[in-house]
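Single-letter residue listing:
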Amino acid sequence: MVEFRAKPAPGFVNPMGTTHGGWMMTLLDSAMALAAHTTVAKGESYTTTDTNVRFLSAIPTDSEELRAIGRVQKRGRKMITLEGRIETIAPEGMAGKLFATGTSSCMVL
């Protein structure tokens, strides 16, 4: 699992006044790609073959810091399948509010 934190900047506002979906897609893509990176051996690399994102809730532009999580679902010989999520940072043992989820596949080169 890979986790990092980010806070949307005012420059990422869409015409509806919320954080642009492209910002969320970038966070998910980065988290999932970093999770894939944890599985590659010396001399291997990878490239994304597909990414799907589901937007569950708008992120207010004045949002607090969020966490992006990437997990490896399966590492095969030629493919890595991944999942990701963006959520609020919640106290230990509590679930954070979920804003977006994603899945991705990477080809091992």
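Residues numbered from 1 in each chain as written. Predicted model: local features only at pLDDT ≥ 70, side-chain atom pairs only at ≥ 80, totals over all residues. Heavy atoms only, no water.

J.: Can you help me understand the nonpolar core in this one?
T.: Generally speaking, soluble globular proteins have nonpolar side chains that are buried together. W23, I59, I80, L82 and I86 are the most contacted members of the largest nonpolar core, which has 21 residues in total. Looking at this core, the elements that each hand over two or more residues are β1 (2–6), α1 (21–37), β3 (66–75), β4 (79–88) and β5 (98–108). Per-element tally for this core: the top contributor is α1, with 8 residues. If we skip the residues at most four places from it in the chain, W23 touches A6, K7, P8, F12, I59 and L66. (Core = buried A, V, L, I, M, F, W, Y, C linked by side-chain atoms within 4.5 Å. Buried < 20%, exposed > 50% of the residue type's maximum accessible area, 1.4 Å probe, protein only. Helix = DSSP H or I, 4+ residues; strand = E, 2+ residues; numbered from the N terminus. Contact = heavy atoms within 4.5 Å.)

J.: Looking at this structure, I do not really get the pairing of β5. What am I missing?
T.: Successive side chains on a regular strand alternate, one facing one side of the sheet and the next facing the other. Summarising the sheet, strand β2 (residues 46–55) and β5 pair through 9 bridges and their orientation is antiparallel. Looking at the pairing, R54 lines up with T101 of β5. When β4 meets β5, the two strands line up antiparallel, connected through 9 bridges. Across the sheet, residue R85 finds its bridge partner in β5, namely T101. (Pairing = 2+ DSSP bridges.)

J.: Mind showing me how you'd approach the packing of aromatic side chains here?
T.: The relation between two aromatic rings is expressed through the spacing of the ring centres and the mutual angle of the planes. This structure, assessed with the given rule, holds 1 aromatic pair. Ring geometry for F12 and W23: centres 6.2 Å apart, planes at 40 degrees, overall tilted. Placement of F12 in the loop between β1 and α1 and of W23 in helix α1 is noted, with a sequence separation of 11 residues between them. With relative accessibility at 39%, the residue F12 sits in the partly exposed group. With relative accessibility at 10%, the residue W23 sits in the buried group. (Phe/Tyr/Trp six-rings, centres within 6.5 Å; stacked < 30°, edge-to-face > 60°.)

J.: Just checking my understanding: could you explain a nonpolar patch on the surface for this structure?
T.: Taken together, the side chains of M79, M107 and L109 define a hydrophobic patch exposed on the protein surface, amounting to about 260 Å² of accessible area. For M107, the location among the structural elements is in strand β5. The class for M107 is partly exposed, based on a relative accessible area of 35%. (Patch = residues over 30% accessible without salt bridge, like charges linked within 9 Å, V, L, I, M, F, W, Y side chains within 5 Å. Areas by Shrake-Rupley, 256 points an atom, 1.4 Å probe, with all protein chains shown as cover. Salt bridge = Lys/Arg side-chain N within 4 Å of Asp/Glu carboxyl O.)

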